[in-house]
Amino acid sequence: MLNLSLARPTWQSHLRAVLAIARKNWLHFLRYPLNAVFQIVQPVMWLTPVYFLGRTFATAQGNVGFAAYTGISDYMAFIIVGSIISSYISAVFWGMGLALKTEMDSGVLESNWMTPVPRPLLLVGQTLANLGITTLNCVLVCVLAWLLFGFSISGNLLAAALTLIPMLVALYGFGFAFAALVLLIRESNTLIDVSDFVISTFSGSRFPVMVLPRFLLPISLAIPLTYGLDAVRGLLLNGTTLLPIGTEIIILCAFMLVMVPTGYGVFKLVERRCRIHGTLGMH
């Protein structure tokens, strides 16, 4: 007699499924090496004019205006660190949103979701390769920035990396809610571009948020990612932070504890609605 218990899903089988999705995406990335090169060269292309623009506005004492807001005069290090963190935000957004839309357009979403794997884990699998690729790209960009712009960090790299963990976990909760929105409107590219740009901009990935107009500043301060960027910069560059770094880490942990179950709940509700109305396969 067949032992049905052997066919029951376990955490080991779920892990194998997630890793299989990540491996598939990694192999797809390797099939297009020129795209990989472009992902490394593109950040350097837009960082170059920023470097010369900052040099243009520097005085004999350095970038004193910039230092008044951030506590550091190395504007390139400030921008490069923000760009690295914002690339992880993009990796989660594109990994979940675009992959979901691609499966909808290919007509395989419903068949993929018939597998005995929780839907959120399928979305997590879509982002793992993106995060790995993003990490590799960031390391190479930092090496190029060190060679071209003299980029360096003087703070605690390990503490900064640990601070990133609750922020990345919270981003997954945001990504679940974002995937639910893609299921509803069945469009991803414009939605991802706009959301990624708005979140990265208002969280201060490329400038200190205190330079924002007074009517926009509350929006920035209401985004928990702002404090993640600020804390990592404070740990890496020893600059002035909006709040004490310990307080900012507490905000990130609270954001993680709230956002993950909230995003998961929103995704489950929308997925159930789409299954009831039969719109999962529509595009």
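Reading guide: rules and limits
- Along each chain, residue indices are assigned from 1 in the same order as the chain's sequence is written.
- Predicted model: local features are reported for residues with pLDDT of at least 70 only, side-chain atom pairs are reported and counted for 80 or more only, and whole-chain, interface and lining totals are derived from all residues.
- Hydrogens and water are ignored here; the side-chain numbers use all heavy atoms of the structure.
- Each nonpolar core is a collection of buried residues, namely Ala, Val, Leu, Ile, Met, Phe, Trp, Tyr and Cys, held together in the definition by side-chain atoms within 4.5 Å.
- When accessible area is computed with a 1.4 Å probe and restricted to protein chains, residues below 20% of their type maximum are described as buried, those above 50% as exposed, and intermediate ones as partly exposed.
- Only DSSP runs of H or I reaching four residues or more are called helices, and only runs of E reaching two or more are called strands; each is numbered from the N terminus.
- Within a predicted model, pLDDT stands for the predictor's per-residue confidence, ranging from 0 to 100.
- It only takes one pair of heavy atoms within 4.5 Å for two residues to be counted as in contact.
- Note on disulfides: each one is a pair of cysteine sulfur atoms within 2.5 Å.
- Given the number of residues in a helix, its expected span is that number minus one, multiplied by 1.5 Å.
- To count toward a patch, a residue needs a relative accessible area over 30% and no salt bridge; like charges are then connected within 9 Å, while nonpolar side chains (Val, Leu, Ile, Met, Phe, Trp, Tyr) are connected within 5 Å.
- Per-residue and other accessible areas follow the Shrake-Rupley method at a 1.4 Å probe size, with only the shown protein chains counted as cover for residues.
- By salt bridge we mean one thing: a side-chain nitrogen of Lys or Arg within 4 Å of a carboxyl oxygen of Asp or Glu.
- To get an axis, fit a line to the C-alpha atoms, keeping to the stretch in contact for a helix; angles then go from 0 to 180 degrees between the N-to-C directions.
- Orientation is classified from the angle alone, with under 35 degrees giving roughly parallel, over 145 giving roughly antiparallel, 65 to 115 giving roughly perpendicular, and any other angle giving oblique.
- Less than a right angle of anticlockwise turn of the near helix away from the far helix marks a crossing as left-handed, whereas a clockwise turn marks it as right-handed.
- Under the scheme applied, nonpolar residues are Ala, Val, Leu, Ile, Met, Phe, Trp, Tyr, Cys and Pro; charged residues are Asp, Glu, Lys and Arg; polar residues are all the others, including Gly.

## With respect to the nonpolar core
Side chains of nonpolar character tend, in soluble globular proteins, to be buried together. In terms of nonpolar packing, the biggest core is built from 66 residues, with Leu100, Leu183, Leu225 and Phe267 touching the most fellow members. Looking at this core, the element that brings in the most residues is helix H4 (residues 75-106), giving 17 residues.

## Topic: the confidence of the model for the protein chain
Averaged over all residues, the pLDDT of the protein chain is 84; the fraction at 70 or higher stands at 95%. Confidence drops under a pLDDT of 50 for residues 1-6, and excluding neighbours within four residues, the segment shows zero contacts in the predicted structure.

## Considerations on the state of the cysteines
Scanning all chains against the criterion turns up zero disulfides. With no disulfide of its own, Cys138 lies closest to Cys142 among cysteine sulfurs, the gap being 6.5 Å.

## Some remarks on helix H10 (residues 224-237)
Along an α-helix, residues three or four apart share an orientation, since each turn contains 3.6 residues. When the terminal C-alpha atoms of H10 are compared, their 20 Å separation across 14 residues agrees well with the 20 Å that a helix rising 1.5 Å per residue should span. Phi turns positive one or two residues past the end of H10, at Asn238, with a value near 60°.

## As for the side chain of Gln126
Within the secondary structure, Gln126 sits in helix H6 (residues 119-149). When its relative accessible area of 8% is taken as the criterion, Gln126 is described as buried. Contacts of Gln126, omitting those with residues within four sequence positions, involve Ile21, Lys24, Asn25, Gly95, Ala99 and Glu103.

## So, a nonpolar patch on the surface
Where nonpolar side chains cluster on the molecular surface, the patch consists of Val139, Val143, Leu144, Trp146, Leu147 and Leu148 and spans about 580 Å² of accessible area. Residue placement: Leu144 occurs in helix H6.

## Points about the packing of helix H2 (residues 33-57) against H4
One way to put it is that H2 packs onto H4 with a least axis distance of 10 Å and a crossing angle of 155°. Taken as axis vectors, H2 and H4 run roughly antiparallel relative to one another. Like other packed secondary-structure pairs, H2 and H4 cross with a definite hand, here right-handed. Within the contact between the two elements, H2 uses Trp46, Leu47, Val50, Tyr51, Gly54 and Arg55 and H4 uses Tyr75, Met76, Ile79, Ile80 and Ser83. Split into classes, the residues belonging to the contact of H2 with H4 amount to eight nonpolar, two polar and one charged.

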